[in-house]
Amino acid sequence: MTDEDEVMQLVHGRVKWFDPSKGFGFIVSEETNADILLHANVLRNFGQGSVADGAGIVVKVQKTQRGVQATEVMRIDPPEGVVFPLSDEAGQLVGDDMLALPLEPSRVKWFDKGKGFGFANVFGRCEDVFIHAEVLRVSGFADLAAGEAVALRIIQGRRGRMAVQVVSWETAARGVA
């Protein structure tokens, strides 16, 4: 066993807060008595530019002179106790029905957190896909950047296609979503 293996630890926790503009946030866990620093670069290596407050997270951590830091994100789960905000257009779509929808590779056209929505384009299709901020939040994201690659589960609404789940491109590519 190497020194690095001895200091690396797998920790389950919740995102206390994350601010993409500051480039960091913190995780709390019952497995450690200190908050865990989550740097934006570690999150980006997982394939996300943001993460929702309260989202479940599994990370590898390392104790340093400056405190406990996340070194790798293994998994992000939506915040507990939230229900996907599906309108009447979605009918009675439940979790298993939603997971049966294909993940469609997409690129974010724009997303405005202040307005609470944005749009993406599915590769090979010309129409926009609506993304509501609440769908984003319950998918475990806090924000999206223009040009960001994601995978979307999509339904047909009265006014066009709308996302019911957002998954990071890297997570979708690994087949874990």
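Refer to the structure presented above.
S.K.: Would you take a moment to explain the overall build of the chain for this structure?
M.R.: If you tally the helices and strands in the chain, you get five helices and 10 strands. The burial tally for the chain puts 40% of its 177 residues in the buried class. Put simply, 55% of the contacts in the chain that link residues at least 6 apart link residues at least 24 apart. For the chain, the exposed surface amounts to about 9800 Å²; the carbon and sulfur share of it is 50%.

S.K.: Whenever I open this one, the nonpolar core confuses me. Can you help?
M.R.: Note on soluble globular proteins: their nonpolar side chains tend to be buried together. Membership of the largest hydrophobic core comes to 19 residues, with the highest contact counts inside it found for Leu 38, Val 51, Ile 57, Val 59, Val 73 and Ile 76. Mapped by element, the contributors of at least two residues to this core are β1 (9–19), β3 (36–39), α2 (40–46), β4 (56–64) and β5 (67–77). Beyond its immediate sequence surroundings of up to four residues, Ile 57 is in contact with Val 11, His 12, Gly 13, Arg 14, Val 15, Ile 27, Leu 38, Val 73, Arg 75 and Ile 76. Core analysis: the next-biggest nonpolar cluster, separate from the first, contains 15 residues, Val 108, Val 129, Ile 131 and Leu 152 among them.

Analysis parameters
- Residues numbered from 1 in each chain as written.
- Predicted model: local features only at pLDDT ≥ 70, side-chain atom pairs only at ≥ 80, totals over all residues.
- Heavy atoms only, no water.
- Helix = DSSP H or I, 4+ residues; strand = E, 2+ residues; numbered from the N terminus.
- Buried < 20%, exposed > 50% of the residue type's maximum accessible area, 1.4 Å probe, protein only.
- Contact = heavy atoms within 4.5 Å.
- Areas by Shrake-Rupley, 256 points an atom, 1.4 Å probe, with all protein chains shown as cover.
- Core = buried A, V, L, I, M, F, W, Y, C linked by side-chain atoms within 4.5 Å.

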